[in-house]
There are 2 protein chains.
Amino acid sequence: MATRSDAVQVDVRLDRTSPVPLYHQLSQAIEAAIDNGALRPGDRLENELSLTERLGLARPTARQAIQELVRKGLLVRRRGLGTQVVRPAIHRDARLTSLYSDLASGGREPDTRLLTHDTTTPSAAGIDLGDVMAPDTPLHLLRRLRWADGEPLAIMTNYVPARFELDDAALAGRSLYDLLREQGAQIAIAHQTIGARLADAEEAGLLEQPRPLACVTAELIVYDDAGALVEVGRHLYRADRYTVQTSLVV
Amino acid sequence: MATRSDAVQVDVRLDRTSPVPLYHQLSQAIEAAIDNGALRPGDRLENELSLTERLGLARPTARQAIQELVRKGLLVRRRGLGTQVVRPAIHRDARLTSLYSDLASGGREPDTRLLTHDTTTPSAAGIDLGDVMAPDTPLHLLRRLRWADGEPLAIMTNYVPARFELDDAALAGRSLYDLLREQGAQIAIAHQTIGARLADAEEAGLLEQPRPLACVTAELIVYDDAGALVEVGRHLYRADRYTVQTSLVV
DNA sequence: GAGTGGTCTAGACCACAAC
DNA sequence: TTGTGGTCTAGACCACTCC
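Let us look at the structure shown here. (Residues numbered from 1 in each chain as written. Chains lettered and ligands numbered in written order. Predicted model: local features only at pLDDT ≥ 70, side-chain atom pairs only at ≥ 80, totals over all residues. Heavy atoms only, no water.)

1. So, the overall build of chain A
Link 1 in the chain: Secondary structure summary: chain A contains eight helices and eleven strands in total.
Link 2 in the chain: The buried share of chain A, taken over its 250 residues, is 49%.
Link 3 in the chain: By sequence separation, contacts in chain A at least 24 residues apart represent 59% of the contacts at least 6 residues apart.
Link 4 in the chain: Accessible surface, chain A: about 12100 Å² in total, of which carbon and sulfur atoms supply 49%. (Helix = DSSP H or I, 4+ residues; strand = E, 2+ residues; numbered from the N terminus. Buried < 20%, exposed > 50% of the residue type's maximum accessible area, 1.4 Å probe, protein only. Contact = heavy atoms within 4.5 Å. Areas by Shrake-Rupley, 256 points an atom, 1.4 Å probe, with all protein chains shown as cover.)

2. A few points about the protein's contact with DNA strand D
Link 1 in the chain: DNA strand D sits among 28 residues. The nearest are Leu22 and Tyr23 of chain A together with Asn47, Arg59 and Gly80 of chain B.
Link 2 in the chain: Backbone atoms, meaning sugar and phosphate, form 68% of the atoms of DNA strand D found within 4 Å of the protein.
Link 3 in the chain: The contact in question runs from a phosphate oxygen of DNA strand D to an N or O atom on the side chain of Arg63 of chain B, over 3.0 Å.
Link 4 in the chain: Those elements giving two or more residues to the surface near DNA strand D turn out to be helix 1 (22-35) and helix 3 (59-72) of chain A together with helix 3 (59-72), strand 3 (75-78) and strand 4 (82-85) of chain B. (Near = heavy atom within 4 Å. Polar contact = N/O pair within 3.5 Å; in protein donor to acceptor, adjacent residues only side chain to side chain.)

3. Some remarks on helix 1 (residues 22-35) of chain B
Residues and elements named next belong to chain B.
Link 1 in the chain: Over its 14 residues, helix 1 runs 20 Å from end to end, which matches the ideal 20 Å to within 8%, given 1.5 Å per residue.
Link 2 in the chain: For helix 1, the complete set of buried residues consists of Gln25, Leu26, Ser27, Ala29, Ile30, Glu31, Ala33 and Ile34.
Link 3 in the chain: Next to the buried residues of helix 1 lie strand 2 (44-45), helix 2 (48-55), helix 3, strand 3 and strand 4.
Link 4 in the chain: Directly beyond the C-terminal end of helix 1, a positive phi value near 90° is found at Gly37. (Expected span 1.5 Å × (residues − 1).)

4. With respect to the nonpolar core
Link 1 in the chain: Core analysis: the largest hydrophobic core is formed by 24 residues, its most contacted members being Ile194, Val216 and Tyr237 of chain A together with Ile194, Val216 and Tyr237 of chain B.
Link 2 in the chain: Looking at this core, the elements with two or more residues in it are strand 7 (151-161), strand 8 (187-198) and strand 9 (214-224) of chain A together with strand 7 (151-161), strand 8 (187-198) and strand 9 (214-224) of chain B.
Link 3 in the chain: Counting 21 residues, the second-largest nonpolar core is a separate cluster that includes Ala33, Leu45, Val70 and Val85 of chain A. (Core = buried A, V, L, I, M, F, W, Y, C linked by side-chain atoms within 4.5 Å.)

5. Focus on the environment of Arg234 of chain A
All names here are of chain A.
Link 1 in the chain: Mapping Arg234 onto the fold places it in strand 10 (residues 229-238).
Link 2 in the chain: Arg234 gets classed as partly exposed once you look at its relative accessible area, which sits at 28%.
Link 3 in the chain: Residues Arg234 and Glu31, 203 residues apart in the sequence, show an inter-C-alpha distance of 34 Å.
Link 4 in the chain: Apart from the residues lying within four places of it in its own chain, the contact partners of Arg234 are Ala125, Gly126, Ile127, Ile155, Met156, Thr157, Tyr159, Ala218 and Glu219.
Link 5 in the chain: In this structure the side chain of Arg234 is engaged in a polar contact, spanning 3.0 Å, whose partner is the side chain of Glu219.

6. Quick look at the state of the cysteines
Link 1 in the chain: In total, this model carries zero disulfides over all chains according to the counting rule given.
Link 2 in the chain: Cys215 of chain B takes part in no disulfide bond, and the closest cysteine sulfur to it belongs to Cys215 of chain A, at a distance of 13 Å.
Link 3 in the chain: Under the relative-accessibility criterion, Cys215 of chain B is labelled buried at 0%. (Disulfide = S-S within 2.5 Å.)

7. Some thoughts on helix 2 (residues 48-55) of chain A
Residue and element names in this part refer to chain A.
Link 1 in the chain: The set of residues buried in helix 2 consists of Glu48, Ser50, Leu51, Thr52 and Leu55.
Link 2 in the chain: Those residues of helix 2 that are buried lie in contact with helix 1, helix 3 and strand 3 (75-78).
Link 3 in the chain: For helix 2, the N-terminal cap is Asn47; the gap from its side-chain oxygen to the backbone nitrogen of Leu49 is 2.9 Å.
Link 4 in the chain: A positive backbone phi angle near 70° is found at Gly56, which sits one or two residues after helix 2.

8. Topic: the side chain of Glu48 of chain A
Residues and elements named next belong to chain A.
Link 1 in the chain: For Glu48, the position within the fold is in helix 2.
Link 2 in the chain: By relative accessible area, which is 7% here, Glu48 ends up buried.
Link 3 in the chain: Here Arg77 takes part through its side chain, which lies 2.6 Å from a polar atom of the side chain of Glu48.
Link 4 in the chain: Those residues in contact with Glu48 that lie beyond four places of it in its chain are Arg59, Arg63, Ile66 and Arg77.

9. A look at the sheet that holds strand 1 (residues 7-8) of chain A
By definition, the strands of a sheet pair up through backbone hydrogen bonds, in either a parallel or an antiparallel sense.
All names here are of chain A.
Link 1 in the chain: The four strands are arranged 1-2-4-3 in an open sheet whose pairing can be described as mixed. Looking along the sheet, the strands with just one partner apiece sit at the ends: strand 1 and strand 3.
Link 2 in the chain: One ladder, built from two bridges, connects strand 2 (residues 44-45) with strand 4 (residues 82-85); its direction is antiparallel. Paired with Leu45 across the bridge in strand 4 is Thr83.
Link 3 in the chain: The strands touched by helix 3 within the sheet are strand 2, strand 3 and strand 4, with strand 3 carrying the most contacts at an inclination of about 120°. (Pairing = 2+ DSSP bridges. Axes fitted to C-alpha atoms, helices over the stretch in contact; angles between N-to-C directions.)

10. Here's the deal with the environment of Ala172 of chain A
Link 1 in the chain: Positionally, Ala172 of chain A belongs in helix 6 (residues 168-173).
Link 2 in the chain: Taking C-alpha positions, Ala172 of chain A is 6.6 Å from Leu114 of chain A, a pair spaced 58 residues apart along the chain.

11. Side note on the sheet that holds strand 2 of chain B
Link 1 in the chain: Within the open sheet, the four strands sit side by side as 1-2-4-3 (chain B). Their pairing is mixed. Edge positions in the sheet fall to strand 1 (7-8) and strand 3 of chain B, since each of these pairs with one other strand and no more.

12. Section: unusual backbone geometry
Residues and elements named next belong to chain A.
Link 1 in the chain: With omega at -5°, the peptide bond leading from Arg211 into Pro212 counts as cis.
Link 2 in the chain: Residue position: Pro212 is located in the loop between helix 8 (201-206) and strand 9.
Link 3 in the chain: Notably, Glu208 is not glycine yet its phi reads approximately 55°, a positive angle.
Link 4 in the chain: Note on placement: Glu208 falls in the loop between helix 8 and strand 9.

Following this line, the structure appears as structure tokens:
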């Protein structure tokens with residue numbers, strides 16, 4: 001009966017008056033237990049039925065919490081076996097800027113210098129946006145240099161449809177995404193392609209690095225919730241300061 | 001009543017005798033509709049209630065199908081507004097090898113040549129595996145060269161715990177993951193860090209490319225379902241043949 | 001046979017957006 | 001007010017793994 005003896009019960013306190021969904025409160029509690037060592041790699045999590053009885057939840061709610069952590073790569077489930085912790089804890093490396101930084105940290109960018117601001121078109125810029133935008137649609141072409149910790153970190157090239165108004169003065173003080181949001185862009189989804197290439201002489205100069213210099217490239221295509229293009233970004237990062245982390249569940 | 005007039009009904013045929021879950025049959029049908037142009041970017045999807053009535057499904061089942069496509073970056077949902085298509089279709093670029101290739105295509109690797117096979121330890125190899133493995137645990141050290149389409153594509157360095165038996169003859173003919181699976185490794189999850197660096201002279205020679213050469217680096221840490229280490233891979237890819245794609249929902 | 005996760009149903013109430 | 005997605009309940013039956 002009940003759970004097999006080696007399963008670990010997580011200390012969970014749910015607040016049903018909170019606006020935070022119950023499944024998210026639960027997944028955060030489990031994640032915290034993994035973080036602080038109460039649950040260690042290889043440990044078995046209490047099974048769903050026991051968990052739901054103990055916490056007074058319906059099973060789909062508990063499943064949703066666990067599923068969130070499976071997708072994040074912290075847990076693994078096997079039918080007939082149970083749910084286990086696979087990852088020790090999240091390594092937060094100060095050197096690393098995550099995928100998110102370009103969008104999520106938009107609120108207060110460390111320091112961004114506007115290099116140039118011109119007008120172009122997708123065909124002139126060599127961008128193929130087939131279904132989303134005609135090749136002769138006018139675009140802003142921005143080149144910016146991002147600094148962090150007193151060092152140049154990345155050269156960011158942004159293409160933004162001309163229906164947005166981008167004022168150089170505003171660009172200096174505010175993040176690009178703030179400006180776009182203000183003008184009604186409901187940013188919904190970004191597709192990113194990560195690769196590598198050598199920096200040319202000008203780029204290495206801007207990044208204040210000797211050549212030859214290997215850089216991480218990221219091409220970002222950002223759409224709003226109507227599927228309209230908000231931005232194409234082509235960014236060049238110093239490889240010693242930027243990596244991308246992903247998890248893959250088999 | 002019913003749906004707002006501009007919503008698109010997808011042609012779906014569900015097979016309740018199939019072992020494929022209903023939610024997955026539905027999500028595949030919607031994805032196919034996006035692929036073949038029946039649903040275009042900006043189109044609104046039929047709402048959940050209408051969809052569930054029409055198909056005779058419960059709402060959570062339809063939600064699960066739609067959620068799958070939201071995570072894949074094809075759809076966006078907004079409360080009070082509806083569900084919309086954001087992405088034209090998935091660009092399948094032959095040049096691109098996805099994140100998955102290292103694990104999923106393990107069945108039939110195009111061609112992999114074993115360069116060296118030695119023994120080392122985490123501390124000697126400069127790998128820190130803190131909780132998962134003591135620094136003096138013996139490891140296989142493999143260096144392999146992967147070919148595709150008659151060209152060298154990647155240099156793969158693998159560290160595998162000595163508890164696995166890796167026979168050079170078997171390694172030549174079989175994929176590494178096949179061998180590990182055969183010996184009981186239930187591969188569960190991989191964490192990957194993508195970056196870039198310059199290839200050294202030997203590496204450029206193996207890849208048959210002139211220097212300086214910028215390469216994509218991928219460090220893979222693979223765990224089994226008990227949280228035990230199965231493999232650490234440090235791979236160096238030709239940047240002109242390898243990129244990584246991810247999506248980011250805001 | 002017992003324990004476990006995987007799928008599915010049939011509802012309920014709420015929060016947000018548009019009219 | 002109406003349509004929409006977001007959350008949650010309380011069950012059901014099935015498939016897989018281990019004993």
